[in-house]
Each structure stands twice: as structure tokens, then as C-alpha cells.
Amino acid sequence: MSGHSKWSTIKRKKGKADAQRGKIFTRLIRELTIAARSGGGDPTSNPRLRTAIDNAKANNMPNANIERAIKKGTGDIPGETIEEINYEGYAPGGVALLIETMTDNRNRTTSEVRHILTKLGGRMGEVGSVAYLFKQKGLIVVEKRDGLSEDDLIMIALDAGAEDVSDEGDSWEITTDPSAVGEVTAALKGAGIVPDEAEVVRLPMTTVPLGRDAAGKVLRMVEELEDNDDVHRVSANFDIPDEFLEELSS
């Protein structure tokens with residue numbers, strides 16, 4: 001398992017998402033708006049919007065909020081202009097970072113991202129310096145539970161168009177083409193399997209192994225970046241042993 005995937009699982013178990021529901025709603029609304037603006041307001045022909053709607057509903061966002069965000073994206077409701085900006089940088093230990101943001105103020109976001117990186121021993125990179133190290137993929141996470149066999153999960157996922165299913169200890173990770181996330185998720189739900197996560201992410205093609213000291217510094221940086229209101233997602237190519245992750249998360 002990649003270290004970043006494992007760290008995401010630990011954070012989910014710690015309940016961080018529930019503690020920051022307001023912040024999650026803000027990010028989900030921005031994703032809905034941008035998805036609708038870039039691909040139209042019909043989820044049947046806009047896979048990104050369909051995934052955004054599924055994620056919003058999974059986080060119990062009211063339908064009225066979802067509809068309003070989509071209408072803002074299509075221009076039916078006037079509102080603030082949100083733009084997507086990706087930043088590339090480096091964390092301690094040579095770890096590559098790809099920081100996806102959604103912001104209404106480019107100057108503010110650039111300044112805050114640079115400040116976090118510099119303060120914690122990292123640095124900003126040039127455009128294209130690390131992006132090539134990551135590949136965009138659909139990622140669906142299903143936690144293991146009684147009555148759900150790996151064989152059944154694999155059969156359903158692959159038949160629906162998934163590329164791979166991997167055993168990650170207490171969960172399975174299903175990877176897909178970005179456009180197939182919605183179809184595979186729908187097939188799982190149709191079989192009574194509700195994923196814990198389903199989104200389009202950037203997965204590292206190679207990873208950098210870290211010791212405990214460097215791991216602590218990198219995880220602190222990733223957490224502080226993710227806590228920023230404008231940051232939508234942080235992708236990193238670190239590989240940290242499970243025992244370090246468990247220790248650092250306690």
C-alpha cells in the first residue's frame with residue numbers, strides 16, 4: 001500500500017472528516033460548481049459532476065445545496081468565480097507534492113501554500129516539475145466487513161469496468177479509469193456494497209521511502225496543507241512503514 005493511501009485511511013478512522021464537516025461541504029460545493037462549469041449540469045453526460053454529486057450525497061449534503069452549486073456552475077445563479085490551480089512542490093526527504101486548490105483569490109492561495117511549504121522545510125516547484133510523477137485514476141475504497149468476499153467484490157468491480165482491486169489490510173482499493181468511477185460505484189451499490197470513498201485522485205507512479213523523522217515532517221506538512229480552506233487535495237509520493245504511520249497518528 002502507498003503511504004499516502006494508508007494515511008488517508010487512518011485519518012478517516014480518527015473521524016477527522018466528521019469533525020470538519022463544514023469544511024468538507026465547502027470543498028464539495030466548489031467541486032460541484034467547477035464540474036458543472038467545465039462539463040455542463042447534466043450528470044449523465046458529465047462523469048466528473050456525477051462523481052461530485054455522489055460524494056456530496058455520501059456526506060449527507062442536502063439536495064438543495066447540491067442543486068444550487070450546480071446552477072452556480074452553469075451560470076443559472078450568479079456567484080463568486082472559483083478557479084482550479086495546481087501547485088507543485090517538494091517536502092522533506094525529496095517527496096513530491098501535487099497540491100490541488102479551488103480558490104476565489106489566486107494571490108492569497110499562492111501565498112498561503114508557499115508559506116506552509118517554506119515554514120515546514122519544503123519548497124515550491126516549477127510547473128511540470130512533479131506532475132509527471134502522478135497519474136489520474138479513479139479510486140474507490142471499500143472497507144472489509146462480514147459477508148463480503150474478495151472474489152465477489154472483484155467480479156462486480158471488474159465486470160463494471162474497474163482496472164484493478166488490491167487488498168489493503170482492512171479495506172480494498174479499486175482503481176478505475178477516471179471516467180469509470182461513477183459506473184463502478186453504481187454497480188457496487190446495486191450489489192448492496194456502499195463504498196467508503198469514490199473519487200478521482202492522482203496516484204504516484206513511484207514512491208520515496210521515508211524513515212520516522214522524515215515521515216513526521218512530511219505528514220505534518222500534508223496535514224497543514226489539507227487544513228487550508230482553499231486546498232482541495234494533496235497528492236504525495238511518500239512510502240512510510242505502517243508502524244511509523246500508526247505511531248505518528250496516535
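The preceding data block contains the structure.
Residues numbered from 1 in each chain as written. Predicted model: local features only at pLDDT ≥ 70, side-chain atom pairs only at ≥ 80, totals over all residues. Heavy atoms only, no water.

A. Spatial organisation of the pairing of strand S1 (residues 83–91). Pairing between S1 and strand S2 (residues 95–103): nine bridges, direction antiparallel. Note that in S2 the partner of Glu88 across the bridge is Leu98. Hairpin connection between S1 and S2: a loop of three residues separates the two successive antiparallel strands, and Gly93 in this loop has a positive phi of roughly 85°. Pairing geometry for S1 and strand S3 (residues 123–124), over two bridges, is antiparallel. Bridge assignment links Tyr90 to a residue of S3, and that residue is Arg123. (Pairing = 2+ DSSP bridges. Helix = DSSP H or I, 4+ residues; strand = E, 2+ residues; numbered from the N terminus.)

B. Main features of the packing of helix H4 (residues 47–58) against helix H5 (residues 63–74). Contact geometry for H4 and H5: axes closest at 10 Å, N-to-C directions at 155°. As judged from the angle between their axes, H4 and H5 are roughly antiparallel. Viewed along their axes, H4 and H5 form a crossing whose handedness is right-handed. Two secondary-structure elements touch here, H4 through Leu49, Ile53, Ala56 and Lys57 and H5 through Asn63, Ile66 and Ile70. (Axes fitted to C-alpha atoms, helices over the stretch in contact; angles between N-to-C directions. Parallel < 35°, antiparallel > 145°, perpendicular 65-115°, else oblique. Left-handed = near helix turned anticlockwise from the far one by under 90°. Contact = heavy atoms within 4.5 Å.)

C. Up close: the pattern of salt bridges. This model, assessed by the stated rule, comprises 13 salt bridges. Residue Glu31 pairs with Arg48 through a salt bridge whose shortest N-O separation is 2.8 Å. Linking Glu31 in helix H3 (residues 21–39) with Arg48 in helix H4, this pair joins segments that are 17 residues apart in sequence. What makes Glu31 buried here is its relative accessible area of 13%. Residue Arg48 is classed as partly exposed on the basis of its relative accessible area, which comes to 29%. In this structure, Lys144 engages Asp167 in a salt bridge whose closest nitrogen and oxygen atoms are separated by 2.6 Å. Note that Lys144 is positioned in the loop between strand S4 (134–143) and helix H7 (150–159) and Asp167 in strand S5 (residues 164–167), a separation of 23 residues in sequence. Each of Arg30, Asp104, Arg108 and Asp230 takes part in one network of salt bridges that share partners. (Salt bridge = Lys/Arg side-chain N within 4 Å of Asp/Glu carboxyl O. Buried < 20%, exposed > 50% of the residue type's maximum accessible area, 1.4 Å probe, protein only.)

D. A look at the packing of helix H6 (residues 106–119) against helix H9 (residues 212–227). Interhelical geometry of H6 versus H9 gives an angle of 165° and a closest axis separation of 10 Å. For the element pair H6 / H9, the angle class is roughly antiparallel. Crossing handedness for the pair H6 and H9: right-handed. Contacts from Val113, Ile116, Leu117 and Lys119 of H6 reach H9 at Met221, Glu224 and Leu225. The residue makeup of the contact of H6 with H9, split by class, is five nonpolar, no polar and two charged. (Nonpolar A, V, L, I, M, F, W, Y, C, P; charged D, E, K, R; others polar.)

E. View of the sheet that holds strand S7 (residues 197–204). Pairing within the open sheet is antiparallel, and its four strands lie in the order S5-S6-S4-S7. At either end of the open sheet lies a strand with only one pairing partner, and these are S5 and S7. When strand polarity is set aside, the average angle formed by the axes of neighbouring strands in this sheet is 35°. Where S4 lies against S7, eight bridges are found, and the strand directions are antiparallel. Within S7, the position partnered with Gln136 by the bridge is Arg202. Of the strands in this sheet, S4, strand S6 (171–176) and S7 touch helix H8 (residues 181–190), which is tilted by about 10° from S4.

F. Representation of the environment of Glu100 within the structure. Checked against the element boundaries, Glu100 lands in strand S2. Here the alpha-carbon distance between Glu100 and Arg37, two residues 63 residues apart in the chain, equals 17 Å. Beyond its immediate sequence surroundings of up to four residues, Glu100 is in contact with Ile85, Asn86, Arg202, Asp230, Val231, His232, Arg233 and Ser235.

G. Highlighting the environment of Lys23. Along the chain, Lys23 turns up in helix H3. For Lys23, the contacting residues outside a window of four places in its chain are Asp227 and Asp229.

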